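# Architecture and fold: a report
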Amino acid sequence: MTATTADVWLPFPADEIDGLPEGLNYLLWDGEPDYPGDPADCAYYVVPYMKGPEVAVRPLASMGAVRVVQTLSAGIDHVEPGLGLLPAGVRLCNAKGVHEASTAELTLALILASLRGFPGFVHGQDKEEWLSGFYPALADKSVLIVGYGSIGSAIEDRLVPFECARVERVARSARTTARGPVRTLDDLPALLPEADVVILSTPLTPATQGLVGADFLAAMPDGALLVNVARGGVVDTKALLSELESGRLRAALDVTDPEPLPAGHPLWHAPNVLITPHVGGSTSAFEPRAKRLLAAQLTRFAAGEPLRNVVATTG
């Protein structure tokens, strides 16, 4: 099979994506029960967005000729369980550049809404109550970003106008950026006690699964706000519930564990928590950026050029 005869599975109609190269056979599949063609002929598989791991992984075992698996999310944890089904040499690419703006917007919205008491105002409006008073500001707060990739950097860009006292950054590897040093997870015990707002924007990996457990939360100061725009599995839900129910900490969560959060789960009605239903990337900004990414990636693929955003290669 050559690139010019390859099947490409897309979650968008090909005629809605400007700049796709000619010579590839574009098939539409967005997670429906029936496949658009034989998975054995697929060379470039674009994973349906936000359809869950079962849909993402379902065709992989039959994709013996696939050369690229492209997610439309920054995280890849929903496809990782199926990578062992693929032949060696398949490149896994993520959607770096697609979700930074939307996720950073939501992060700031969650912080501001939580600090300024918006959930209470909404309930007060329902009851026709005028809840005046003094509320915390983001100004003069110390912020810790755990997970300083492109999304973490975009979040800091949007924090700049809010006059935070300082911003600390943590990632897998230490490095220096134009805004300051990035520390490692080993530095968290020293950084957490000084953080008024802790933002989680790290990938879900074996190193970050359950990272935010009882010890992590206990190290945060009284009244601190935890904001999770990463993955629900980064946080130990039971440990977080304990801190919320005691009234010591607050949280703003775009992701939960379990997810979707089932009816009756105690997190729904825990005090001091604001929950949004995993909408960090689900905005009007998603489609144009996703389509530009696919056009650029497939142009490189058709020309035999190196792809961008390669995060793993099967062995």
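Our structure is the block above this text.
Worth saying up front: this structure is predicted, and the values here are computed from it rather than measured.

Analysis parameters
- Residues numbered from 1 in each chain as written.
- Predicted model: local features only at pLDDT ≥ 70, side-chain atom pairs only at ≥ 80, totals over all residues.
- Heavy atoms only, no water.
- Helix = DSSP H or I, 4+ residues; strand = E, 2+ residues; numbered from the N terminus.
- 1 Å grid on protein atoms, 1.4 Å probe; cavity = no way out; pocket = protein on both sides within 12 Å on 5 of 7 lines; lining within 4 Å.
- Points joined across faces, edges and corners; volume = space filled by probe spheres on them.
- Nonpolar A, V, L, I, M, F, W, Y, C, P; charged D, E, K, R; others polar.
- Core = buried A, V, L, I, M, F, W, Y, C linked by side-chain atoms within 4.5 Å.
- Buried < 20%, exposed > 50% of the residue type's maximum accessible area, 1.4 Å probe, protein only.
- Contact = heavy atoms within 4.5 Å.
- Pairing = 2+ DSSP bridges.
- Axes fitted to C-alpha atoms, helices over the stretch in contact; angles between N-to-C directions.

### Digging into unusual backbone geometry
Following Asp257, the chain continues to Pro258 via a peptide bond in cis, the omega torsion being 10 degrees. Structurally, Pro258 is set in the loop between β12 (250-253) and β13 (273-275). Of note, the amide linkage connecting Glu259 to Pro260 takes the cis form, showing an omega dihedral of -5 degrees. Assignment of secondary structure puts Pro260 in the loop between β12 and β13.

### Things to note about empty space enclosed by the protein
Within the structure shown, the criterion is met by one cavity of 30 Å³ or more. Considering the residues around the largest cavity, the lining is formed by Asn228, Gly232, Val235, Thr237, Leu240, Leu253, Val255, Thr256, Asp257 and Leu267. A breakdown of the residues in the lining of the largest cavity according to their chemical character gives five nonpolar, four polar and one charged.

### What about the nonpolar core?
Grouped together as the largest cluster of nonpolar side chains are 31 residues, with contacts concentrated most on Val198, Leu200, Phe216 and Leu226. If you list the elements that add at least two residues to this core, you get β6 (142-146), α5 (188-191), β10 (197-200), α6 (214-219), α7 (237-246) and β12. Element by element, the count of residues in this core is highest for α7, at four residues. Residue contacts for Phe216: discarding those within four places in its chain leaves Leu188, Leu192, Val198, Leu200, Leu211 and Leu226. The next biggest cluster of nonpolar side chains, apart from the first, holds 26 residues, and it includes Leu115, Ile155, Val227 and Val229.

### What about the sheet that holds strand β1 (residues 7-10)?
Across the sheet, which stays open at both edges, the six strands sit in the order β2-β1-β3-β4-β5-β14 with mixed pairing between neighbours. Here the strands that pair on one side only, and so sit at the sheet edges, are β2 (25-28) and β14 (310-313). For this sheet, the mean inter-axis angle between neighbouring strands, taken without regard to orientation, is 20 degrees. Sheet topology places strand β5 (residues 91-93) next to β14; three bridges connect them, and they run antiparallel. Bridged to Leu92 within β14 is Ala312. Contacts from helix α8 (residues 286-303) reach β1, β2, β3 (42-46), β4 (68-70) and β5 within the one sheet, and its direction differs from that of β3 by about 160 degrees.

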